[in-house]
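# Analysis of the macromolecular model
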Amino acid sequence: MLLRIARHEIQQMLRDRRLHAAGWIGLGLLAALVLLGWQTFRRELHERAHFETEARHQWENQGEKHPHRAAHFGFYLTKPELPLALLDSGIKPATGQVLWLEAHQRSAFTHSPLEDAGAAAILGLTNGAEVLQLLGALLVVLAGYGSVAREREDGTLRLVLAQGVSPLRWFAGKCFGLGLAFAVIALPVGVGLLLLCVAAYPDGFTAGVAGRAAWLGLAYALYFATWLVGTVAASAWATTGRTALALLLVCWVAGGILAPRLASSLAAWLAPIPTVAEFRAEQSRDFNQGFDGEPGWDEQLARLEKDTLAQYGVTTLDELPVGFSGLRLRAMDAFTERISDRHQVRLEAIYTRQTRWHLITASLGPFVPMRALSQSLSGMDWAHYRDFAESAEQYRRSVVASMDNLMAERMRGNAWEIHFDHADWSRVPTFTYAMPGTGWALRRASLPWMLIAAWFTGVAALAWLGARRIKP
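The structure displayed is predicted, hence computed values, not measured ones.

Ranked by size, the top nonpolar core spans 38 residues in total, and within it Phe171, Trp227, Leu228, Val232, Met370 and Leu373 carry the most contacts. Taken together, the elements giving at least two residues each to this core come down to helix 6 (128–144), helix 9 (167–200), helix 10 (207–237), helix 11 (241–270), helix 15 (367–377) and helix 19 (446–468). Ranked by the residues each element gives to this core, the list is headed by helix 10, at 11 residues. With residues near it in sequence (within four places) discarded, Leu373 still touches Ala219, Ala445, Pro448, Trp449 and Ile452. The next biggest cluster of nonpolar side chains, apart from the first, holds 21 residues, and it includes Trp59, Tyr395, Leu406 and Ile418.

Right under this line is the structure:
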């Protein structure tokens, strides 16, 4: 009986030409954005490799130069991406792609592609993941809004129940039929997307990426199951198909269109981020005046001079057997790093609060937590960007410290001018970065997982209550 009910539901879907049209439009838009993402990913993969090679070549062949000037000239790094990024670009359109490293300052991402996003950004759809999440949910709504209400209106429900079919079994058959129909569609789409990811970057599609893809598939299955069960539940509670459709469209608009925009506005209002000028001004104030009982730089420099003279038993800086310029820069860099860490902790706390305020809007629908989960598993969320930026910051500090130490070793007294050459630049190790594993991403996406699971549990409870109220 369950299979018969499911087969009947699939036949109803096959007869609905409007649903066919909506499905083809959604698949067409998905294909367009995914292929655009594939092309962009391939181009950027090549550009990143070329850019990193050129940046390293430029660093090693910058000629004779004072090391501190070289450190201020800086060098560039680019964040590596997993093949799944071609489906979900995450926060990259807002953060940028290139990290510039220089002396005395923590790095920040630059060169954002947001201004080149094109017409898709105007529509609010910038990648294939957003099409799947938004239009996929709409397709489920259009397919299932009348599954119960329609048969109640035309009298079919009364005939079915009069034959002794229990309301719960009949309801389960509806869900099973819709789920089977969408599974038949989703399977080739999922396999096709997976093959595109492999083709885009075969060497980068490791076992870890395959694990992320599997978890991402499971997340989408739970997400669409939530919409499917919720749609059938709304159809069971509504008196007519039109009422069910209106209710579901309100939920879809609130959760998929309004919630992300409300989340951004709410986060910016409740956890405002300081401007770059304000952020730099606070750092400059700490540098000049000190903080937490630690004196400002002028007092620290005077203390450094006094301690260094006492350590080497000389009366002037010119008599020192080491280069005081290197010692001074090393102390200054250590001081600015403590200031940077202090303010970075505050800034990241604001980002964390913003992320939490974003997830509060999950009460309007499962779209916001699904988006967060997709970005996390694709390696394109804030946690992944922060991990890469922190690794790059430690690399920057080690490079600058090595320059300061060489100055202290090679110079004498209070001299400033010294020049390093190709041999010195080549000693700087190449930056390497390993993307965090699947478990790391899952742990940081535990809250979105719980929110989606809570939504599924809630709509399942409504569906069960809705099925029980169906009477012969």
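Attention now goes to the packing of helix 11 against helix 15. Where helix 11 contacts helix 15, the axes come no closer than 8 Å and their chain directions differ by 70 degrees. Classed by the angle they form, the pair helix 11 and helix 15 counts as roughly perpendicular. When helix 11 is examined against helix 15, the residues Gly255, Gly256, Ala259 and Pro260 are found in contact with a partner set consisting of Phe367, Val368 and Arg371. For the contact of helix 11 with helix 15, a count of residues per class yields four nonpolar, two polar and one charged.

Right, let's get into a nonpolar patch on the surface. Side chains of Leu168, Trp237, Leu462, Trp464 and Leu465 sit close together on the surface and give an oily, nonpolar patch of about 490 Å² of accessible area. Mapped onto the fold, Trp237 is located in helix 10.

Once that is clear, we can look at the packing of helix 13 (residues 297–312) against helix 14 (residues 324–360). Two elements in contact, helix 13 and helix 14, have axes separated by 11 Å at closest approach and are oriented at 140 degrees. The angle between helix 13 and helix 14 falls in the class oblique. In this structure, the crossing between helix 13 and helix 14 has a hand that is right-handed. Residue-level inspection shows Trp297, Gln300, Leu301, Leu304, Glu305 and Thr308 of helix 13 in contact with helix 14, the latter providing Phe324, Leu327, Arg328, Ala331, Met332, Phe335 and Arg338. The residue makeup of the contact of helix 13 with helix 14, split by class, is eight nonpolar, two polar and three charged.

On to the confidence of the model for the protein, then. Across the protein, the average pLDDT comes to 82, with 87% of residues at 70 or higher. Contacts from residues 111–123, a stretch scored under 50 in pLDDT, to residues over four places away or in other chains number 16 contacts.

Now for the pattern of salt bridges. Tallied over the entire structure, the rule returns 16 salt bridges. Glu417 is the salt-bridge partner of Arg69, the closest N and O atoms lying 3.1 Å from each other. On the criterion of sequence distance, the pair formed by Arg69 in helix 3 (residues 67–73) and Glu417 in the loop between helix 16 (382–410) and helix 17 (422–427) is long-range, its members being 348 residues apart. Of the residues examined, Arg69 reaches a relative accessible area of 43% and is grouped as partly exposed. Overlapping salt bridges bring together Glu44, Arg48, Glu81 and Lys92 as one network.

One can find Arg42 in helix 2 (residues 17–60). The class for Arg42 is partly exposed, based on a relative accessible area of 36%. Along the primary structure Arg42 and Pro83 are separated by 41 residues, whereas in three dimensions their C-alpha atoms are 9.5 Å apart. Residues within four places of Arg42 in sequence aside, it is in contact with Ala199 and Ala200.

Moving on: the packing of aromatic side chains. Applying the stated criterion across every chain, the model contains 16 aromatic pairs. Arranged with centres 6.1 Å apart and planes meeting at 25 degrees, the rings of Tyr220 and Phe224 form a pair that is stacked. Here Tyr220 and its partner Phe224 are both found in helix 10, four residues apart, which amounts to about one turn of the helix. Under the relative-accessibility criterion, Tyr220 is labelled buried at 10%. For the pair Tyr351 and Trp382, a centre-to-centre distance of 4.6 Å together with 65 degrees between the ring planes defines the contact as edge-to-face. Separated by 31 residues along the polypeptide, Tyr351 in helix 14 and Trp382 in helix 16 bring together distant segments of the chain. A relative accessible area of 24% means that Tyr351 is categorised as partly exposed.

What follows covers unusual backbone geometry. At Asp292, a position not held by glycine, the phi torsion is positive, near 50 degrees. Here Asp292 lies in the loop between helix 12 (276–289) and helix 13.

Cut-off values and rules
- Residues numbered from 1 in each chain as written.
- Predicted model: local features only at pLDDT ≥ 70, side-chain atom pairs only at ≥ 80, totals over all residues.
- Heavy atoms only, no water.
- Core = buried A, V, L, I, M, F, W, Y, C linked by side-chain atoms within 4.5 Å.
- Buried < 20%, exposed > 50% of the residue type's maximum accessible area, 1.4 Å probe, protein only.
- Helix = DSSP H or I, 4+ residues; strand = E, 2+ residues; numbered from the N terminus.
- Contact = heavy atoms within 4.5 Å.
- Axes fitted to C-alpha atoms, helices over the stretch in contact; angles between N-to-C directions.
- Parallel < 35°, antiparallel > 145°, perpendicular 65-115°, else oblique.
- Nonpolar A, V, L, I, M, F, W, Y, C, P; charged D, E, K, R; others polar.
- Patch = residues over 30% accessible without salt bridge, like charges linked within 9 Å, V, L, I, M, F, W, Y side chains within 5 Å.
- Areas by Shrake-Rupley, 256 points an atom, 1.4 Å probe, with all protein chains shown as cover.
- Salt bridge = Lys/Arg side-chain N within 4 Å of Asp/Glu carboxyl O.
- Left-handed = near helix turned anticlockwise from the far one by under 90°.
- pLDDT = per-residue confidence, 0-100.
- Phe/Tyr/Trp six-rings, centres within 6.5 Å; stacked < 30°, edge-to-face > 60°.

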